[in-house]
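Descriptive analysis of the structure
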Amino acid sequence: MYLENINSPKDIKKLNIDELEVLCQEIRELMIMTVSENGGHLASNLGVVELTVAMHKVFNSPNDQLVFDVGHQCYTHKLLTGRRERFHTLRQENGIGGFTRPTESPHDIFSSGHSSTSISAAIGLAKAKALKGEKGKVVAVIGDGALTGGLAYEALNNSGNESNNLIVILNDNNMSISPNVGSMAKNLTTIRTSPKYNTFKNKVTRALAKIPKIGSQITRSITAINSKIRRRVYKSTFFEDLGFRYYGPIDGHDLDALIDALRVAKAHNHSVLLHIYTTKGRGYDFAEKDPAKFHGIGKFNINTGEPIPGGATFSSVFGEALVGFADKDSRICAVTAAMTTGTGLSAFAEKYPKRFFDVGIAEQHAVTFAGGLAKNGMVPVFAVYSTFLQRSYDQLMHDVAMQGLKVIYCIDRAGFVGSDGESHQGLFDTAYLMSVPELTVYSPTYFDELSSMLYQAIYKEKRAVAIRYPRGSEPERPEGYTYQKENYSLFGDVQADTCIVSYGREFANCYAALQSLGSVLLIKLNKIKPLDATVCEQLRHVSRIFFFEEGIKTGGVGECFAAMLAEKGIRANFTHIAVKDQFVKQAEVSSQLKKYRLDKASVISIVNGEQ
């Protein structure tokens, strides 16, 4: 009724409160239907519908710049900024992204697929506006756990007094910051965010300032008294100590209260922090009852809330294996960075709560914390998505590897991840892990290999170990193949003139291609760091080597393999197929494999010299 007529934020400003309430309901209905068909981040987006509508009612995007953190809270924003008709393409190839994307719209100011970045970006945006003399506010919307990330606190510490055009909105949907929700605090918040109160206060301040000699002193005294009252009532001055004017907590589903508070914040000539509390999954009963399940979900049945069945995954197999080892070994601890369900650790958390640690969205802390566990005799296993481990490179290097500590990194979502897009592809971990001294890296292709490699990591390796595995189910395997803990495995014709080398999920595509290629040797790398130099003896008679890698080319395993061959004096013609210097856009994994010439058909064509 209303949503179909919203083509830009200007259309929001024409609607009254009752009409906006209906609009919010329409947005939720479309959002639930679309995510049920495409998958996506549902619970977090359902929680910020009113907040986003109120923001576009008050602010003038893109002159007022809105920065979402994490960017998966942006679905309502996309619907209100000219992308309603394309919303059905959400997270699809050539469709609109699941995160903010500046190339998609001028209303998407900053790309955000990882958390805790918004305040830092907003401070820079606000400072640039001030330096250029440009009008307009910069609004950072942070929440959904993002305030557990250290970068957010670095930014808060660097903001405050100097920014008169900065507004930070804390979307508190899990009460991770203990708010004062007593009646006195609520009443005071209502008064302080009232436009009438603020207009009156400003008039009184200006009038007092005009009184000769004593006016400024009276104003300072009143301000000091006001500050003391706020401190007594709110019992926390954390944000005010950092230089913000603090307002909250405010009901994030009360449009009237939100609009009033946002108007007050916009009128301020000072940096402001609005503390908004919302319900994650609001408006969809299944998501409200289980917001973790609907945080990032695949296709599901709207009527039952149940995901479309998909069978066992590498994540679930890892979780089961770790519980099995922990049953017999009290040293084993599990660490996650706010991804208990996604990484398969729910059963471990339930069975061994004292040995399970969810540190929040703080991967850097997770790695160093795990190092501390290891130093005092525990066996920490940090389960993390490949894309999120990127934030911990210094800790990997300095706090674990250099210390000679045994931390086990179980790296989920390695390789292409599909529709999550550029920010989430697990294509970079191999390149930076190859540079970490004394780190061992395994890359299983099949479920049983993952379990076996986890055993080796726990009981056979003496230093830090990484095990990287893809999203989803295991691929088709060679008949009769059993992993025997060897560093590499041989398939095909060992006397062939042509050799294919691969590892991880990509091996399955190479093996499938082998059946159509005739006389070819196929080498499957199981341990990709350090590379086993004995493999070179299998290649001295080979004239052509093709290395297929589901990862970034520069600095990846293929380049290290080529360097090893050169050092051993092997002069075969070497062709390296991997993702070149670029970020990979959203699409189905099968489409991504085809585009980057890593599917079965491409392997056959390349080896046959057809492309």
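The sections below set out a description of the structure shown in this document. (Residues numbered from 1 in each chain as written. Predicted model: local features only at pLDDT ≥ 70, side-chain atom pairs only at ≥ 80, totals over all residues. Heavy atoms only, no water.)

1. Looking at the overall build of the protein chain
Along the backbone of the protein chain there are 23 helices and 17 strands. The buried share of the protein chain, reckoned over its 611 residues, is 57%. Expressed as a percentage of contacts within the protein chain between residues at least 6 apart in sequence, the contacts between residues at least 24 apart total 75%. Here the protein chain has roughly 25800 Å² of accessible surface; of this, 51% comes from carbon and sulfur atoms. (Helix = DSSP H or I, 4+ residues; strand = E, 2+ residues; numbered from the N terminus. Buried < 20%, exposed > 50% of the residue type's maximum accessible area, 1.4 Å probe, protein only. Contact = heavy atoms within 4.5 Å. Areas by Shrake-Rupley, 256 points an atom, 1.4 Å probe, with all protein chains shown as cover.)

2. Brief notes about the sheet that holds strand E16 (residues 544–552)
Reading across from one edge, E12-E14-E13-E16-E17 is the order of the five strands in this open sheet, with mixed pairing throughout. Strands at the two margins of the open sheet, each flanked by one partner only, are strand E12 (488–492) and strand E17 (573–579). Taken pair by pair, the neighbouring strands of this sheet meet at an average axis angle of 20°, ignoring direction. With five bridges joining them, strand E13 (residues 498–503) and strand E14 (residues 521–525) adopt parallel strand pairing. Residue pairing in the sheet places Ile500 in a bridge with Leu522 of E14. Against the sheet, helix H20 (residues 506–514) makes contact with E12, E13, E14 and E16, and its axis sits at roughly 150° relative to E13, the strand it touches most. Contacts from helix H23 (residues 600–607) reach E13, E16 and E17 within the one sheet, and its direction differs from that of E16 by about 150°. (Pairing = 2+ DSSP bridges. Axes fitted to C-alpha atoms, helices over the stretch in contact; angles between N-to-C directions.)

3. Topic: the pattern of salt bridges
This structure, assessed with the given rule, holds 26 salt bridges. In this structure, Arg91 and Asp420 form a salt bridge, with 2.6 Å as the shortest nitrogen-oxygen distance. Placement of Arg91 in the loop between helix H4 (75–80) and helix H5 (118–132) and of Asp420 in the loop between strand E9 (408–412) and helix H18 (429–433) is noted, with a sequence separation of 329 residues between them. Here Arg91 matches Asp420 in class, with each residue buried. Here the salt bridges share partners, and the residues they tie into one network are Lys78, Arg83, Arg101, Glu104, Asp108, Glu422 and Lys585. (Salt bridge = Lys/Arg side-chain N within 4 Å of Asp/Glu carboxyl O.)

4. Observations regarding the nonpolar core
If you look at the biggest cluster of nonpolar residues, it comprises 58 residues, and the most contacted ones within it are Phe318, Phe348, Leu454, Ile467, Ile500 and Phe548. The dominant element in this core, judged by the number of residues it contributes, is helix H13 (residues 314–328), at eight residues. Aside from chain neighbours lying at most four places away, what touches Ile500 is Cys510, Leu517, Val520, Leu521, Leu522, Ile523, Phe546, Phe548, Val603 and Val607. (Core = buried A, V, L, I, M, F, W, Y, C linked by side-chain atoms within 4.5 Å.)

5. Quick look at the sheet that holds strand E15 (residues 527–529)
Spatial strand order, E7-E6-E8-E9-E11-E10-E15: seven strands in an open sheet with mixed pairing. The open sheet terminates on both sides in strands that have one partner only, identified here as strand E7 (356–358) and E15. Averaged over all neighbouring strand pairs, the angle between strand axes comes to 20°, with direction disregarded. Direction of pairing for strand E10 (residues 440–442) relative to E15: antiparallel, over a ladder of two bridges. Residue pairing across strands places Tyr442 opposite Lys527, the latter belonging to E15. Most of the contacts of H13 go to strand E6 (residues 332–336), to which it runs at about 150°, and overall it touches E6, strand E8 (379–385) and E9.

6. Some words on the packing of aromatic side chains
Across all of its chains, the model carries 28 aromatic pairs by this definition. Relative to Phe507, the ring of Phe491 lies with its centre 5.1 Å away and its plane at 45°, an arrangement referred to as tilted. Of this pair, Phe491 sits in strand E12 while Phe507 sits in helix H20, placing them 16 residues apart in sequence. Across the pair, Phe507 and Phe491 agree in class, each one buried. Centre to centre, the rings of Phe491 and Tyr511 are 5.8 Å apart; their planes meet at 75°, and the pair counts as edge-to-face. Placement of the pair is Phe491 in strand E12 and Tyr511 in helix H20, with a sequence separation of 20 residues. Among the aromatic residues, those joined into a ring-pair cluster are Tyr446, Tyr481, Phe491, Phe507 and Tyr511. It is Arg355 that lies over the ring of Tyr352; its NZ or CZ is 4.2 Å from the centre. (Phe/Tyr/Trp six-rings, centres within 6.5 Å; stacked < 30°, edge-to-face > 60°. Lys NZ or Arg CZ within 6 Å of the ring centre and 35° of its normal.)

7. Details of a negative patch on the surface
Taken together, Asp18, Glu21, Asp254 and Asp256 make up a surface patch of like negative charges. Within the secondary structure, Asp18 sits in helix H1 (residues 17–38). Look at Asp18 and you get exposed, because its relative accessible area is 59%. (Patch = residues over 30% accessible without salt bridge, like charges linked within 9 Å, V, L, I, M, F, W, Y side chains within 5 Å. Lys, Arg positive; Asp, Glu negative; His and termini not counted. Charge placed at Lys NZ, Arg CZ, Asp CG, Glu CD.)

8. Some points on the pairing of strand E4 (residues 245–251)
Counting buried positions over the seven residues of E4 gives five, a clear majority of the element. Pairing geometry for E4 and strand E5 (residues 272–277), over five bridges, is parallel. Bridging across to E5, Asp251 finds its partner in Tyr277. As a crossover connection, the stretch from E4 through helix H11 (residues 255–267) into E5 is right-handed. (Right-handed = clockwise from strand over helix to strand, strands pointing away.)

9. A short note on the packing of H20 against H23
Here H20 crosses H23 at 60°, and the two axes come no closer than 8 Å. Viewed along their axes, H20 and H23 adopt a mutual orientation that is oblique. Handedness of the crossing formed by H20 with H23: right-handed. Of H23, the residues touching H20 (which contributes Glu506, Asn509, Cys510, Ala512 and Ala513) are Lys600, Val603 and Ile604. (Parallel < 35°, antiparallel > 145°, perpendicular 65-115°, else oblique. Left-handed = near helix turned anticlockwise from the far one by under 90°.)

10. Observations concerning the environment of Ala265
Counting through the fold element by element, Ala265 comes out in helix H11. The exposure class assigned to Ala265 is buried, which follows from its relative accessible area of 0%. Along the sequence, Ala265 and Asn165 sit 100 residues apart, while their C-alpha atoms lie 9.6 Å from each other. Excluding anything up to four places from it in sequence, Ala265 contacts Lys137, Ile167, Val272 and Leu274.

11. Regarding helix H21 (residues 557–567)
Listed as buried for H21 are Val557, Gly558, Phe561, Met564 and Leu565. Across the axial projection of H21, the buried residues extend over an arc of 120°, all falling on one side. Check the buried side of H21 and you find it contacts H18, E13, E14, E15, E16 and E17. Once H21 ends, the next one or two residues include Gly569, with phi positive near 80°. (Arc of directions from axis to C-beta.)

12. Quick notes on the environment of Val400
Tracing the backbone shows Val400 in helix H17 (residues 393–401). In this structure, the C-alpha to C-alpha distance between Val400 and Leu439, residues 39 residues apart in sequence, is 9.5 Å.

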